[in-house]
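So you can see what is in the structure, the chains are spelled out below.
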Amino acid sequence: MPKTQRVSIDKQHPASYKALIALSTETDAGAVAAGLDPLLVELVRIRTSQINGCAFCLRMHTRDSLKKGENPDRIAVLPAWEETGYFSETDRAALRLAEAITRVADGHVSDEDYDAAAAALTADQVSAVAWLVTVMNAFNRVAITSRYHVAS
C-alpha cells in the first residue's frame, strides 16, 4: 500500500494557524505579566512536548531554552524532574500542573495536582501555565499530525 502524503494543516488552513500563533503570543504576554521565569516557560513547553512525543517542538524549544541560558543538565533530567534537586518549588508546581494538563485523558487534572500548583503559584501563574500547556499541546498536535520534518 503506498504511503499517503500528509497534509500540512498549518498551510492547508493558514488562518487557523495564524490564530494559534496569535494565541501563543498572547499566552507569552500572560506568562510575562504573571512573573513566570522565561526559562521555566521553555521547560514547560519542553516537558509538554516530551509527553506528547513531538520531536519538532522538542528541538525548537530545547534550542530556545539553551539560547536563553538554561542549564543543559536541567533539560537532560527534565523527564525525571521529581527525582532531582535542580528545580525550585515554583518549577515543580508548574511542571506538575503541565503534566496533569497534558495527560488530561488519564484522569483529568486532579484536585491534588491543582492544589499543589496553587500552593506554590499565584492564581495568575496557575492560569498562565495552563494556557502555555494548552497552546503547546495544540502546537504538538499540529506538528505531529502534519509530520513536521526533523533532521540533523
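In this text, all values refer to a predicted model and were calculated from it rather than measured experimentally.

One can describe the packing of helix H3 (residues 38-52) onto helix H6 (residues 89-102) by two numbers: an axis separation of 10 Å at closest approach and a directional angle of 35°. Pair H3 / H6 crosses with right-handed handedness. Facing Leu40, Leu43, Val44, Arg47, Thr48, Ile51 and Asn52 of H3, the residues of H6 in contact are Thr90, Asp91, Ala94, Leu95, Ala98, Glu99 and Thr102. For the contact of H3 with H6, the residue count by class is seven nonpolar, four polar and three charged.

Core analysis: the biggest nonpolar cluster contains 25 residues, and Leu36, Val44, Leu78, Leu121 and Val129 have the highest contact counts within it. Only H3, H6 and helix H8 (123-146) provide two or more residues apiece to this core. Here the element with the most residues in this core is H6; it accounts for six residues. Leucine 78 has contacts with Leu43, Ile46, Arg47, Gln50, Phe87 and Leu95, leaving out every residue within four places of it along the chain. By size, the runner-up hydrophobic cluster in this structure holds nine residues, among which are Cys54, Met136, Val142 and Tyr148.

Cut-offs used in this document
Residues numbered from 1 in each chain as written. Predicted model: local features only at pLDDT ≥ 70, side-chain atom pairs only at ≥ 80, totals over all residues. Heavy atoms only, no water. Axes fitted to C-alpha atoms, helices over the stretch in contact; angles between N-to-C directions. Helix = DSSP H or I, 4+ residues; strand = E, 2+ residues; numbered from the N terminus. Left-handed = near helix turned anticlockwise from the far one by under 90°. Contact = heavy atoms within 4.5 Å. Nonpolar A, V, L, I, M, F, W, Y, C, P; charged D, E, K, R; others polar. Core = buried A, V, L, I, M, F, W, Y, C linked by side-chain atoms within 4.5 Å. Buried < 20%, exposed > 50% of the residue type's maximum accessible area, 1.4 Å probe, protein only.

It is worth stressing that arrangement in space is one thing and function is another; only the former is reported here.
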